[in-house]
Amino acid sequence: MVVALEMDWRHLLFENWPVDPALLRPHVPDVLDLDTHDGKAWLSVVPFVNGAIRPRGLPRWVGLSLPEINVRTYVTYQGKPAVYFFSLDAQGVAGVLGARLFHHLPYYYARISLSVEDGGVRFRSRRRHPGARPATYEATYRPTGEPFSAPEKPLAAFLVERYGFYAEDLDDNLRFTAVEHDPWTLYSAEARITENTLLGAERFDRPDADPVSYYSPGLEVTASSSERADGRQ
């Protein structure tokens, strides 16, 4: 068991595509049910900075800040909604190894840069993980319009108000990590994606529909240790 972690998630783009649930079903463990909104499953790519990562209770200044990007969908287990990750690419070798070991997540080492310029975010990621399928993502994104609270809009709430994630360990046991944070403040996002091979690396074709995109300046997060989802030790 690992201690709970505190961190900041900053400069997030939520890029979300509606897809036929049948396209995702073979990629998600049978024990999990796909969660849908208006009959569609959703495939999302989320670049951001994971900042001030430290054990709960320690001051923020001791934490590490690392950019990362994930590919995910939305699931339930025994009626409890959460996120399921297909891949997570991150800059730090130690963080990648720790997340694989303690949270059973499919993290990959990548070279990532993120900069904030003129109110927008420039993000670039190139996977460098030994033995992994190559994957690249390059984008520029920024908020537009007025901020809103995600729970006020049903689709936004479905996509971002998720308070945990499921993963499988090496023995195929389903595990759950709880994630605590305030409700998300979002903006509509203007995003120019110049390259995205992350979906192809997971054997997904690029969806035909245009993505629904949101930006968030971020919030503070606490993640629990990973536990067996069935409550057994």
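Below or above, wherever it landed, is the structure these notes cover.

Conventions adopted
- Residues numbered from 1 in each chain as written.
- Predicted model: local features only at pLDDT ≥ 70, side-chain atom pairs only at ≥ 80, totals over all residues.
- Heavy atoms only, no water.
- Patch = residues over 30% accessible without salt bridge, like charges linked within 9 Å, V, L, I, M, F, W, Y side chains within 5 Å.
- Areas by Shrake-Rupley, 256 points an atom, 1.4 Å probe, with all protein chains shown as cover.
- Salt bridge = Lys/Arg side-chain N within 4 Å of Asp/Glu carboxyl O.
- Helix = DSSP H or I, 4+ residues; strand = E, 2+ residues; numbered from the N terminus.
- Buried < 20%, exposed > 50% of the residue type's maximum accessible area, 1.4 Å probe, protein only.
- Pairing = 2+ DSSP bridges.
- Phe/Tyr/Trp six-rings, centres within 6.5 Å; stacked < 30°, edge-to-face > 60°.
- Core = buried A, V, L, I, M, F, W, Y, C linked by side-chain atoms within 4.5 Å.
- Contact = heavy atoms within 4.5 Å.

## Looking at a nonpolar patch on the surface
Consideration 1: Taken together, the side chains of L58, W61 and V62 present a nonpolar region at the surface, about 350 Å² in accessible area.
Consideration 2: Turning to its location among the elements, L58 is positioned in the loop between β3 (41-55) and β4 (64-77).

## Observations concerning the pairing of strand β10 (residues 174-180)
Consideration 1: Counting buried positions along β10 yields five of seven residues, so the element is predominantly enclosed.
Consideration 2: Taken together, the five bridges between strand β9 (residues 164-168) and β10 define a ladder with antiparallel strand orientation. By the bridge assignment, A167 is partnered in β10 with R175.
Consideration 3: Connecting β9 to the antiparallel partner β10 that follows it, the hairpin turn spans five residues, and D172 within it adopts a positive phi of roughly 65°.
Consideration 4: Of the pairings in the sheet, the one linking β10 to strand β13 (residues 227-228) comprises two bridges and is antiparallel in character. Within β13, the residue paired with R175 across the bridge is R228.
Consideration 5: Pairing of β10 with strand β12 (residues 212-223), which is carried by two bridges, proceeds in the antiparallel orientation. Bridge pairing in β12 links E180 to T222.

## Description of the packing of aromatic side chains
Consideration 1: Within the structure shown, the criterion is met by 13 aromatic pairs.
Consideration 2: Seen in terms of ring centroids, F148 and Y214 are 6.1 Å apart; in terms of plane orientation they differ by 70°. Their pairing is edge-to-face. Within this pair, whereas F148 is found in strand β8 (residues 136-149), its partner Y214 is found in strand β12, the two being separated by 66 residues in sequence. An identical accessibility class is assigned to F148 and Y214; each is buried.

## So, the nonpolar core
Consideration 1: By size, the foremost hydrophobic cluster in this structure holds 34 residues, and its most contacted members are L24, L32, L43, V45, F86, Y137 and Y166.
Consideration 2: With four residues, β4 is the single largest residue contributor to this core.
Consideration 3: Formed by 30 residues, the second largest nonpolar core is a distinct cluster that contains W9, V46, L105 and L155.

## Considerations on the environment of L199
Consideration 1: Here L199 is to be found in helix α4 (residues 198-201).
Consideration 2: According to the relative accessible area criterion, L199 is buried, its value standing at 2%.
Consideration 3: Taking the C-alpha atoms as reference, L199 lies 9.1 Å from L43; in sequence the two are 156 residues apart.
Consideration 4: Once residues lying within four places of it in the same chain are set aside, the contact partners of L199 are W17, L43, V45, V71, F204, R206 and P207.

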